[in-house]
Amino acid sequence: MNLKQKTHITNILALMLLVIAMIGVTGCSTSKNTAINRAYHNVTCKYNVLWNGQQAFKSAETELNKLSKDNYTTILPVYYYPAKSDLGPALSHLDRTIEKSSKAIYKHSMLFKGKEYVKTIDDAYLIMGKSYFYKQDYVQAQRVFSYITHNFPKSNTYNEAAVMLARTALRQNYFSSADEQLENLHYLATSKKNKKFNVLFNAAKAEYHLTAPDGDRQEAIDYLNNAIEAHPKREFKARLNLILGQLYEQMNQQAEAQKRFEQVIKKSSNYEMVFSAQMHLASNYDGSPSARNAITKQFKKMLAEEKNEDFKDQIFYAYSEIARIDENDTLRKNYLAKSVATSTTNNYQRTFSSLTLADLYFNENEYRKAQAYYDTAALSIPKNYPDYDHVIQKSRVLKDLVDKLDEIDLQDSLQRIAKMSDSQRKAWVQKMIADYTEAERKAAAEEAERMLAMQNAASYTNINTTSSNGKWYFYNQSLVTSGQQDFYRRWGNRKLEDNWFISNKQQISFDDMALMNDPSLAPDSVEYDDDGNPIPKRETDPKKEAYYLQDLPMTPGAIDSSNAIIAKNLYEAGYIYRDLLHDIPRACASFESLLQRFPDGEYTLPATYLLYTLYQGVDQVKSDHYKDILLTKYANTDYAKLIKDPHYYERLAEEQKTLERQYENVYAQFNNKQWGAVVQAADAAIPQCTDPVLKSKYTYLRTVAAGQVFNEDTLIKGLQRIISEFPTTEVADLARTYLSIFDAQKLASLNPVPAADSAASAQKGLQGATVPKTPSNPFNYNADEMHYIILLVTTADLPVQTVKQNVATFNQTYFSLQRFNVNSFYVNNTQQMVTIAKFTNAELAMNYYNLLVKDEMFSADINRKTIIPYAISAVNYTSFYNNKEGRVFYDDFFKEHYLQEP
């Protein structure tokens, strides 16, 4: 410490002692604008409360920087914004910053006649606003920044607050507002005096042009250059240079791009960023043989370097770009496949390479291969990846298609093998067993060879739990690798499971010994079908013949079932080709294959009509062919009528509405006990009903009315007929309930002589019984309602008090500025429900949920289902508590509406 620093600290301490001494005499009120009060509050605010807040803010920035995981497969954003659900490590620091800055303002602000006399109050507001911004609470951030710009127009914080206000609008997609606010600051940026402001302003303008729908790439380039000229910090400057290089490359300005990438390599200490710049430089390929040789030579060298182990996926992707420029699609797909296969930690690159390869196969109509790589992308894709929802949907569609195609192939293969002679089939089975045994032997040999290599490499390894730089063991990759080698040397290859260290799992427990003494204690492991017949146990050992023979359709009935599966999947695959993939040729091929193989099957009629419509305007001869079939062979069907009358379904719908209006009249007659009129009206309406639900209702009214007109046996037979014809409808449940009032002997004998007392009892039951209904989903989604978080805790495995203590710790860590009510009660004999209340809407509740499920205090119990967490609205909370039967629906409801799972 030099003399000047010592003198400065001495002066500050002397001033603080003087101020404290004087305050001890005069008091420290913020309501009196005196020199002593101003001095006291300026010093204590700056060096006490605010200083603590600033230290917490620095800690928050450190944690946020650790969360940074850039996607180098696309143009980098000017600033990295983590997913909100990943903010956990920084939240406690940000909340502490807000708490301390609020305390500094509350205790030390001296605002008189619109003027603030404590100089650091605006600094407190600024770090408060920035904390809200980093928490992605943009509404609160906007309020704080607006307050600064309106109340501190001449302060040092005004410029930064004004830029942050524009960036807040930008993050809320208020693009026109952000642009207007930045334009109002443009005059300040013309001055070269405030370099910090020039960096902030020009970076914000570049961010606007890179994100707004009307953004201009050339304008973004100009502002990025202006920001670099203002001398930003080293790493931020390297980031801006990389973005410039990407933009120039996209605009085919290769010379400028090369300069920027070289600046990144020269100045950045971020190896990922440097590596990305190297990849861009290497990919600056003009198609000449000399350039290709130079680049591939460099790539081979990079592949051989151990430090690039986690970057091989990017190198192989760069290889694929060379193949793309050379128009060698086969080689390009080969390198893209290697990029996917070698990807380790970079989910963006794995996703990008997978999607690029999947799109190539998709455009070639190679749907099976496309699905495999879309599926790979769906497993690794980050939620903030561009077109995330589109990628997931496409993956699901193709998986559905490939599942159907695989099922068709499987059934065809099973039928082909079933048609073999006994000797041919036996030879085929023996070959399958031999192939499996050989593959198993090779895998074991390769594993043994790998184990031997690892043992040799680890012979003299000395494991320490920390590295020379003090990192904990599991944060040091080289130590982790060394530890793995030592484990394999000592234990061999062990499956990750309970009791992994026991090589022979066939050990006898006390339960096993009890079963040896009394086999009758063994549970019944036989499964039964709906008729009570035992289901044969499936063979699971691929080395046994039964494994390959158990699914073969060896009887006419089994062949019919197999054909039904093929027909169904051909029809549904055709629909996917037509409606979801818009591949008309393949849709036609699927439907035509269906008609050729099953000309008189369940799907013949709809497939014929679809072929008629698909070929219209494409192949009129074929369209007319299928039209003629419909008009001649199926003249009385709705499809034929629709061809003759394009408005057929509209008229049908109008007739249906007429029947529905008539039903209301018949229902009124039913309530008035006009039994004869009900029977007559129902008999006229039922033959015209095309809607099975409406038809079931008419039938039900007629059955009950006929039971009153004729006798009890008529009622019973009618109710039984309803259950048989409409088994899944609401009226079938009513019929079952009403049948329950008759005794079993009566139902069996159907005595034709009506008993007056029994009939009266039945009538009374029909009029007054409360009809139990099949449980239905009682939950409705409203994202704007008040919400709670509930934890269903299995109390036999985990004390609920422990959970509540963990919740309290979690709240203090991540939500220290908020106050939650936490309570618990039993919802059944085995579970207690812990309720955390309350949240303004679903979004805030899900923010809490996403942090909680990742927290190590809860994640293990959640994975074991000891704790089942949900977000739930206040209305649904009441339904969940009161409607015990309806609770079973909430898990699927939550996944669909909150987790947005299919």
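Residues numbered from 1 in each chain as written. Predicted model: local features only at pLDDT ≥ 70, side-chain atom pairs only at ≥ 80, totals over all residues. Heavy atoms only, no water.

## Some thoughts on the overall build of the chain
The helix and strand inventory of the chain stands at 40 helices and eight strands. Taken over 902 residues, the chain has a buried fraction of 40%. When the accessible surface of the chain is summed, it comes to about 51400 Å², and 51% of that surface belongs to carbon and sulfur atoms. (Helix = DSSP H or I, 4+ residues; strand = E, 2+ residues; numbered from the N terminus. Buried < 20%, exposed > 50% of the residue type's maximum accessible area, 1.4 Å probe, protein only. Areas by Shrake-Rupley, 256 points an atom, 1.4 Å probe, with all protein chains shown as cover.)

## Comments concerning the packing of helix H15 (residues 312-325) against helix H16 (residues 329-342)
Orientation of H15 relative to H16, taken along the N-to-C sense of each, is 170°, at an axis distance of 8 Å. Classified by the angle their axes make, H15 and H16 are roughly antiparallel. Residues Lys-312, Asp-313, Phe-316, Tyr-317, Tyr-319, Ser-320, Glu-321, Ala-323 and Arg-324 of H15 lie in contact with H16, whose contacting residues are Leu-331, Arg-332, Tyr-335, Leu-336, Lys-338, Ser-339 and Thr-342. Residues that form the contact of H15 with H16 fall into these classes: seven nonpolar, three polar and six charged. (Axes fitted to C-alpha atoms, helices over the stretch in contact; angles between N-to-C directions. Parallel < 35°, antiparallel > 145°, perpendicular 65-115°, else oblique. Contact = heavy atoms within 4.5 Å. Nonpolar A, V, L, I, M, F, W, Y, C, P; charged D, E, K, R; others polar.)

## Things to note about helix H5 (residues 138-151)
For H5, which comprises 14 residues, the first-to-last C-alpha distance of 20 Å matches the rise-based estimate of 20 Å (1.5 Å per residue) to within 8%. Every buried residue belonging to H5 is among Tyr-138, Ala-141, Val-144, Phe-145, Ile-148 and Thr-149, and all of these are buried. One side of H5 carries all its buried residues, which in axial view fall inside an arc of 135°. Facing away from the buried surface of H5 by more than 90 degrees, the exposed residues are Arg-143 and His-150. Each element contacted by the buried residues of H5 is listed here: helix H4 (121-134) and helix H6 (158-171). (Expected span 1.5 Å × (residues − 1). Arc of directions from axis to C-beta.)

## Observations regarding the sheet that holds strand E5 (residues 787-794)
Strand order in the open sheet made by the four strands is E6-E7-E5-E8, with antiparallel pairing throughout. Strands at the two margins of the open sheet, each flanked by one partner only, are strand E6 (821-826) and strand E8 (867-873). For this sheet, the mean inter-axis angle between neighbouring strands, taken without regard to orientation, is 20°. Note: E5 against E8, seven bridges, orientation antiparallel. Counterpart to Ile-790 in the pairing with E8 is Tyr-870. Set on the sheet, helix H36 (residues 800-814) makes contact with E5, E6, strand E7 (831-839) and E8; between it and E6 the angle comes to about 165°. Along the sheet face, helix H37 (residues 842-854) touches E5, E7 and E8 and points at about 170° away from the line of E8. (Pairing = 2+ DSSP bridges.)

## Here we look at the pairing of E6
Direction of pairing for E6 relative to E7: antiparallel, over a ladder of six bridges. Bridging across to E7, Ser-824 finds its partner in Val-834. Here E6 folds back onto E7, and the loop between the two strands holds four residues.

## Let's talk about H6
Its 14 residues give H6 an end-to-end C-alpha distance of 20 Å, which sits within 8% of 20 Å, the value for a rise of 1.5 Å per residue. Of all 14 residues that make up H6, twelve are buried, and the element is covered over most of its length. Listed as buried for H6 are Asn-159, Glu-160, Ala-161, Ala-162, Val-163, Met-164, Leu-165, Ala-166, Arg-167, Thr-168, Ala-169 and Leu-170. Immediately beyond the C-terminal end of H6, within one or two residues, lies Asn-173, with a positive phi of roughly 65°.

## A closer look at the packing of aromatic side chains
On inspection of all chains with the given rule, the structure shows 58 aromatic pairs. Arranged with centres 5.5 Å apart and planes meeting at 80°, the rings of Phe-670 and Trp-675 form a pair that is edge-to-face. The pair formed by Phe-670 and Trp-675 is uniform in burial state, with each residue classed as buried. Between Arg-171 and the ring centre of Tyr-81, over which it is positioned, the NZ or CZ distance is 3.6 Å. Here the basic side chain of Lys-394 rests over the ring of Phe-362, its NZ or CZ set 4.0 Å away from the ring centre. (Phe/Tyr/Trp six-rings, centres within 6.5 Å; stacked < 30°, edge-to-face > 60°. Lys NZ or Arg CZ within 6 Å of the ring centre and 35° of its normal.)

## Structural notes on the nonpolar core
Core analysis: the largest hydrophobic core is formed by 68 residues, its most contacted members being Val-78, Phe-145, Ile-148, Leu-224 and Leu-242. The contacts of Val-78, once residues within four sequence positions are left out, are Ala-203, Ala-206, Glu-207, Leu-210, Leu-224, Phe-236, Arg-239, Leu-240 and Ile-243. (Core = buried A, V, L, I, M, F, W, Y, C linked by side-chain atoms within 4.5 Å.)

## Thoughts on the environment of Pro-232
One can find Pro-232 in the loop between helix H10 (217-229) and helix H11 (234-250). In the structure, Pro-232 is positioned 36 residues away from Lys-196 in sequence and 7.4 Å away in space, judged by C-alpha atoms.

## Quick word on the packing of helix H13 (residues 271-282) against H15
Between H13 and H15, whose axes approach to 10 Å, the crossing angle comes to 15°. When the axes of H13 and H15 are compared, the pair comes out roughly parallel. With respect to the hand of their crossing, H13 and H15 are arranged in right-handed fashion. Here Phe-275, Ser-276 and Met-279 of H13 come into contact with H15, specifically with Gln-314, Ile-315 and Ala-318. (Left-handed = near helix turned anticlockwise from the far one by under 90°.)

## A look at the pattern of salt bridges
Inspection of the entire model under this criterion finds 36 salt bridges. Of the charged contacts, one joins Asp-412 and Arg-597 as a salt bridge, the two residues approaching to 2.7 Å between their closest N and O atoms. Here Asp-412 is found in helix H19 (residues 388-418), whereas its partner Arg-597 is found in helix H25 (residues 584-597), with 185 residues between them in sequence. Look at Asp-412 and you get partly exposed, because its relative accessible area is 26%. Measuring nitrogen to oxygen at the nearest pair gives 3.5 Å for the salt bridge that ties Lys-633 to Asp-600. Here the residue Lys-633 occupies a position in helix H27 (residues 620-633), and Asp-600 occupies one in the loop between H25 and helix H26 (604-614), the gap between them amounting to 33 residues. Taking the relative accessible area as the measure of exposure, Asp-600 reaches 65% and is therefore exposed. Here the salt bridges do not stand alone but share partners, grouping Asp-400, Lys-404, Lys-568 and Glu-572 into one network. (Salt bridge = Lys/Arg side-chain N within 4 Å of Asp/Glu carboxyl O.)

## Description of the side chain of Thr-351
With respect to the element layout, Thr-351 can be found in helix H17 (residues 347-363). Here Ser-380 takes part through its side chain, which lies 3.1 Å from a polar atom of the side chain of Thr-351. Residues within four places of Thr-351 in sequence aside, it is in contact with Ala-377, Ser-380, Ile-381, Pro-382 and Tyr-385. (Polar contact = N/O pair within 3.5 Å; in protein donor to acceptor, adjacent residues only side chain to side chain.)

## Looking at the side chain of Ser-623
With respect to the helices and strands, the residue Ser-623 is situated in helix H27. What Ser-623 contacts, discounting residues up to four positions off in sequence, is Tyr-612, Tyr-615 and Gln-616.

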